[in-house]
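So the chains spell out like this:
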Amino acid sequence: MQWISDLIVYRSKTILILILLLTGFFAYHARDIRLDSSVDSLLPKDDPERGYYDEVRHLFGSDEIGVIGVIADNIYTPAVLQKIKRLTEEITKIPEVKSVISLTNAQDVITSVAKESTLLVPDVNATHAVLEELKHKLADQAIYLKNLVSADGRAAAINIFFANLGDDEFFRRGVDDTIQALVNQENGPEKLYYTGLPHFKVHSTRAMWGDLTLFIPLTLLLIVVALFLSFRSLRGMLLPTVTVVVSLIWTMGIMVLAGSRLSLGNTALPPLVLVLGTAYSLHIVAEYYELAHPGRPVNEVVRETLQATSMPLFIAALSTVMGFLSLIVNSIVSIRELGLYASVGISIAFVLSLVLVPALLALLPLPARREEAFSPGISAALRKLATLSSRYRRTVITAGLLIVLLSAWQGSYIQVGSDFQSFFRETDPIRQATEAINRYLVGSMTFYVAIDGEERDIVKKWDTLWRIKNLQLYIDSLPGVEKTISFVDYCELLDRGIQEIPLEPPVGELLETPQPEVKTTFWENPDQLKGVMRLVFLNAASVSSVVNHPNYSRTIILVRTSLSRSSDIAARVDQIEAFARGHFPPELTVHPTGNLILLTRTAGNIVSGQIESLALTAVVIFILMAAMFLSARVGLIAMAPNVFPLFVFFGLMGMTGAELNFGTNIIASIALGVAVDDTIHIMMRLSSTVRTTADQEQALLETLSTVGKPALYASVVLFLGFLTLCFSTFVPIREFGFLSATTILVGLVGEIALLPALLATTPIITLWDLLHVKLGKDPHKTIGIFTNLRPSQAKIVALMGELKSFPRGHAILRHGEVSNEMFVIISGRAEVRVNSAGQSRSLWELQRGDVFGVTSLIRSAEGGPEMFADVIALEDVEVLAMDERFRSRIWRYPRIAARIFFNISTALLDRLQDAVQRAPRSEKDRYP
Amino acid sequence: MPQDRSGRRLTVLVVISGFFFTLLSSPIAWTELKSGEVLSQENWQEAKGLLPEAVLHRFQDGNYQAKVITLPNTLGWGSKFKAASETNAGKFSIDAADSLTDKATSTYPTFLYGYPFPQIDPNDPQAAAKVIYNFSYTLMQADDADRSSNLYWVAPSTLERHVEFQGQLLFYGSRFSGPIANLDATLRKGLIAGIAPQEVFGVMTLEWVYLDPQRWNSLWSYVPELRRVRLVAAANGSDSLFGMDLAHDDPYLFSGKVQYFTWKLVGIQEALVPYTLPNPKILRRADKGYLLENHQDPLVMGWEKEGGKGQAWWPTNYSLVKRPVWVIEATAKDAQYAYSRQVLWIDQELYVAYYKEAYDRSGRLWRMLLNSVSVARTPEGDLSLAQPDFTLAVDEQQNHATVELPFKQGQPLAFGVGLSGDLFTTAELMKRGK
């Protein structure tokens, strides 16, 4: 990996030009990033229910209706009716509008059949008496009530049906703006409200743009401020900022090239990439300041910075990416895309932090002052905190446990739901419009109950119609259902029209047969149905939205409801399905469907998605940590400060009543991925620090005062970054921002308070350290003191000591010096020489596995014995030196320590026996 | 350095990719379609520019295929129609409202046989309107017609439903045997009776189309359940008929009022147009008038063939022939008209319409209509007429179609049978509907 550092440092200009070119390329594409306001992105992908809904929508038309509510003291006045007529006519002229139905253009079906084709309101300037009569007539025809006019005559609706354009085209053509302008123009003194799913989507798109144009600069500003406060230097402030901006440009460019869009579920992506990406370059800059002693060569400082940070950053980025990638198991499209592109963005930010930041630093002179000088207070505070945590570890751990228990209890009150209407605040105009129309007229939310049969003309049968009628009556009786419309309603109107044909024909018309004396309905007299069905067939265009002409095998009931909470909708769906099971034969299936119902299903997916992604993230991170620190126990300890904020997060949700929805659903996975970053930085630094000191507490203090600072800065950046989302127009995004920011803060407390308490007595070694130790082939077989240890255990022993190298001819030990170290030859040869009578002579040769200085280790506590001979390297020699610190450190691994000391004892015993056999011997035979 | 090698590899890769990209993006010179070849998914590119895009896509997708043929005889109208057309030269014009005007009277012609505009200059700003008037008068060559109409609702793979009507037409403003008394000043009168199934049986409609372009058609209907004849309110010509993929103005591809649209010539070109053999067809003399019988080798529709690969609404034994066409565009003056734009492909010599692309109000292609017209002539060659033998309307947005096939086994179409004006009254409507 050395060559990569060299490449970055020595080819920095080339690298910067390359990055500039790539940034230009991605920026060119990123300009075309699009917003997808459709609810499709909030629905599960490849869901058969969604496929079914698409089929129904294709057959019967979209359930996405625009509604204009006209609220007045009395709708039945010429002025108000003229206004409704004007609006109806003007909206009808809009090419993208398929049809408009209001009080002023709706057909009077009964009169049209019975007498002549006429409108409900043939003349908007009619007299008061005529309008009063109309009011009574409408009160008698339930199908018009609520759909077109309220029962009390104070509100009227203009229902707008659109051509099937697609959300983008609808937005691009400005259809919604035109309607809104017409509504604004006609507003007052009557109150006019405009709502419906198409308007909702356009409103959402605008709000998303508004959010993005606010979030990105605001997040950047907060990052810049946080970085300035952290480093108080221009480079400390600018380099991470440039890195995350470039990362965001690349990410957006890749999204465009992959054909993806920002949607309701992933609007938070840009600020997320900005805040999370900052952490990596922040650690690089912090390390650079640590190493940038005045007078040192710039390239050396940058290379060392890279060497020190690349591995922890890689692990940290990997864990965060894993956290986000776990969202890919979520079935909701926008959440999956959020997981995917956040992973891409973080990976880019990680790579650029290791390439762009060092390349820029390599071109800059070293700073005049070191970072340490800027924030001594923070270092001292962190040191103090670590001391307290370590000292009162039991208290800290107990407090942590209590908080976890309390949070778990509160977490049990979490509510799951997706309330489409509550995306916006109560003061938002669209929310107010929706609520007004729900209150005065009819539910602005709709769904279909489809009735499917295989047999042609089954819907025309009296028996089927009777079942549909009963189902419709049942649905009407359900709480929250405001209105239903079905094929049966239309048949009843036609039937009534036939029955009301007058005895005498109108002037100029011919009447074939007289009107029957007794008026009946087709319910009472099924024979009448034949005539009704003939009229249906001849007016097929009027029924195509409720029955599949010409097959008549499928039909729908349109349900208008004021409900929007997923749990409420789910309950109604269950009730409808249960009723249908008891009242419909097998050849007819009843299937509620619609966007509203699909969104309800999303709520179920939220819980399963949450559990799946959280479990996946936790398992992956645990495996990563356990592998990294070579111990399942350490893996568990590392998980503790990361799981802690999750408990607090869920507890907060339960306490505040915030819902687990498509926005808050992803926080836990993100928080876990993010929090683990700091754990990795702290633990990796601790593992290297602890090898230079025997005192675990001391190592912890040192670790927190160094790496704890960038962790603190990063958490502050993340906290502020997430807090910006609280300015979102969308309630779920705001909740996401608040809860994420809080969780990050709690995570920080876990890192700087709980983790030191947990690590106070736990020895750690990283896999990376272990991989770096080279003990040659089969150390457990070729080096005596490693006998009966595994190679990895031998490496742990080596890490507890110190590997030292001596060039050929250099002295490893000198006669007369006091040594407190025992040595094991790992490679090379050395000889033991003594000076006798002014002459140096070789006593014997040492090679791989030979041990010398054993007494020094054992008597090191007394200051160590004086050496009687020289030990000189005959060639390049590497030795493992073990001193008093080794003696104490090795006991963190009791089994290994026992084995090592047993092996040393065995070696001593062997030598003792050897000495006894050789005795009496001269002085020269003593061990050095 | 390894990076240098990677850089070289990258350059080589880019050059190779560029070569292949250039190769792939180069236009390929497709061979011209020859008579006898079958146009299909394998060679659809050869018909580029010769078919409307929506039709071509169906060939590309493998849903349509048709044999390219050359007609054995020169197609042309009967001698009387030709002669009348020649004498019409210079007699008619089109006014500012796109209404046909007799130059001699400065008003609409009360009788006109033949093309009103036998010569049309493509550079004439009114060329498109003249083309559509020639088309309209091409359809009124006989005195009357008594014919059946079989309408089919077709899904991509199945036939959904079928209805049968009997239609009678009496021409007043243009007829083979010359003018007759025309007290109601109509161009033509039409009566349609529902035959089958039960839903349409007994249903009757009567329509009078007036000579005066400003006067809206009169339409009466009789429905047994309503027990009376009723004057139906002036309908929007783009309204769908019985929930079909055909609108009121769609029969023959255009049956609307010319002056309700703004006409524009899009171009003149060669096109592959549908024809069924034999062509021209012979009108057989009967006791009264002439009969046109279905050929012994009739069209076999996709829905009739088990396991067929193509769309159910496409004939399995269909032919295309290369013909010169006018491509004209009609834009509705009425904003409520459901077709914002209609593009018609009309024969340059015969003035029969082959294709119509109908766009919805938002500008998206809605329906693709196709009309296969037979030229029918008496053995003497004096009387001729244009008889559609297959009309297809595909809803491109819903992927659904309506097919009209006038012929039915043993049910010839009759022309010039001497229908009386007394048949086309409201009294007769009720009498026949009972």
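Here the structure is a predicted model, which is why all the values come from computation and not from measurement.

The rules we used
Residues numbered from 1 in each chain as written. Chains lettered and ligands numbered in written order. Predicted model: local features only at pLDDT ≥ 70, side-chain atom pairs only at ≥ 80, totals over all residues. Helix = DSSP H or I, 4+ residues; strand = E, 2+ residues; numbered from the N terminus. Rg over C-alpha atoms; globule rule 2.2 N^0.38 Å. Buried ≥ 20, exposed ≤ 12 C-beta atoms within 10 Å, placed from the backbone. Contact = placed C-beta atoms within 7 Å. Pairing = 2+ DSSP bridges. Expected span 1.5 Å × (residues − 1). Arc of directions from axis to C-beta. Axes fitted to C-alpha atoms, helices over the stretch in contact; angles between N-to-C directions. Nonpolar A, V, L, I, M, F, W, Y, C, P; charged D, E, K, R; others polar. pLDDT = per-residue confidence, 0-100. Core = buried A, V, L, I, M, F, W, Y, C linked by C-beta atoms within 7 Å.

Some points on the overall build of chain A
Part 1: Helices and strands together make up the secondary structure of chain A, namely 33 helices and 21 strands.
Part 2: Taking 2.2 N^0.38 as the reference for a compact globule, 928 residues should give roughly 30 Å; the C-alpha atoms of chain A span a radius of gyration of 39 Å, well beyond that estimate.
Part 3: A burial count over chain A gives 50% of its 928 residues as buried.
Part 4: In chain A, 80% of the contacts between residues at least 6 apart in sequence involve partners at least 24 apart.

Re the sheet that holds strand S19 (residues 851–852) of chain A
Residues and elements named next belong to chain A.
Part 1: The antiparallel open sheet is built from 4 strands, whose spatial order is S14-S21-S16-S19. In the strand order of this sheet, the two ends are held by strand S14 (802–806) and S19, each with one partner.
Part 2: One ladder, built from 5 bridges, connects strand S16 (residues 822–827) with strand S21 (residues 877–882); its direction is antiparallel. Counterpart to Ile825 in the pairing with S21 is Val879.

Looking at helix H6 (residues 128–140) of chain A
An α-helical segment advances 3.6 residues per turn. Residues three or four places apart therefore align on the same side.
All names here are of chain A.
Part 1: If you check H6, its first and last C-alpha atoms are 19 Å apart, about what 13 residues at 1.5 Å a residue would give, namely 18 Å.
Part 2: Buried residues of H6: Leu131, Leu134 and Leu138, and no others. One side of H6 holds all its buried residues, which, seen down the axis, span an arc of 50°. Pointing more than 90 degrees away from the buried face of H6 are the exposed residues Ala129, His136 and Asp140.

Topic: the environment of A:Arg565
Part 1: Considering the arrangement of structural elements, one finds A:Arg565 in the loop between strand S11 (554–561) and helix H21 (566–583).
Part 2: It is 7.9 Å that separates the C-alpha atoms of A:Arg565 and A:Thr600, two residues lying 35 residues apart in sequence.

Notes on the sheet that holds strand S4 (residues 155–162) of chain A
Residue and element names in this part refer to chain A.
Part 1: Within the open sheet, the 4 strands sit side by side as S3-S4-S2-S5. Their pairing is antiparallel. The open sheet has two edge strands with one neighbour each: strand S3 (97–101) and strand S5 (191–196). Direction aside, neighbouring strands of the sheet carry axes that sit 20° apart on average.
Part 2: The pairing of S3 with S4 spans 4 bridges and is antiparallel. Residue pairing in the sheet places Val100 in a bridge with Ile160 of S4.
Part 3: Strand contacts of helix H8 (residues 175–186): strand S2 (65–71), S4 and S5, with the helix running at about 165° to S5, the strand carrying the most contacts.
Part 4: Taken strand by strand, helix H9 (residues 197–231) contacts S2, S4 and S5, and its axis lies near 85° from that of S5.

A look at the interface of chain B and chain A
Part 1: Facing 29 residues of chain B, the contacting portion of chain A comprises 30 residues.
Part 2: Mapped onto the side of chain B that touches chain A, the elements with two or more residues apiece are strand S6 (159–171), strand S10 (228–231) and helix H5 (426–433) of chain B.
Part 3: Looking at the side of chain B that touches chain A, its residues break down into 10 nonpolar, 9 polar and 10 charged.

Considering the confidence of the model for chain B
Residue and element names in this part refer to chain B.
Part 1: For chain B, per-residue confidence averages 88 on the pLDDT scale, and residues scoring 70 or more make up 91% of the total.
Part 2: Counted against residues more than four places away or in other chains, residues 19–30, with its pLDDT under 50, gives 2 contacts.
Part 3: Predicted complex metrics record ipTM = 0.82 and pTM = 0.73.

Here's the deal with the nonpolar core
Here is a general trend for soluble globular proteins: nonpolar side chains tend to be buried in one another's company.
Part 1: Counting 405 residues, the largest nonpolar core has B:Ile328 and B:Ile346 as its most contacted members.
Part 2: With 20 residues, the top contributor of residues to this core is helix H13 (residues 333–363) of chain A.

Considering the confidence of the model for chain A
Residue and element names in this part refer to chain A.
Part 1: Summarising the model, chain A shows a mean pLDDT of 84, and 93% of its residues fall at 70 or more.
Part 2: Averaged over each element, pLDDT in chain A is lowest for strand S10 (residues 510–511) (52) and highest for helix H17 (residues 462–476) (96).
Part 3: Note that pLDDT drops below 50 for residues 924–928; the model gives that stretch 12 contacts with residues more than four away or on any other chain.

Considerations on unusual backbone geometry
Part 1: With an omega dihedral of 5°, the bond running from A:His549 to A:Pro550 counts as a cis peptide bond.
Part 2: By secondary structure assignment, the location of A:Pro550 is in the loop between helix H20 (540–543) and S11.
Part 3: Cis rather than trans, the peptide bond between B:Ala196 and B:Pro197 has omega equal to 0°.
Part 4: Along the polypeptide, B:Pro197 turns up in the loop between strand S7 (186–196) and strand S8 (204–210).

Notes on the pairing of strand S17 (residues 830–836) of chain A
Residues and elements named next belong to chain A.
Part 1: Taken together, the 7 bridges between S17 and strand S18 (residues 839–846) define a ladder with antiparallel strand orientation. Among the inter-strand pairings, Asn835 is bridged to a residue of S18, identified as Ser840.
Part 2: Following S17, the chain reverses through 2 residues before pairing antiparallel with S18; Ala837 in that reversal takes a positive phi of roughly 55°.
Part 3: The pairing of S17 with strand S20 (residues 870–873) spans 4 bridges and is antiparallel. Counted as the bridge partner of Arg833 is Asp870 from S20.

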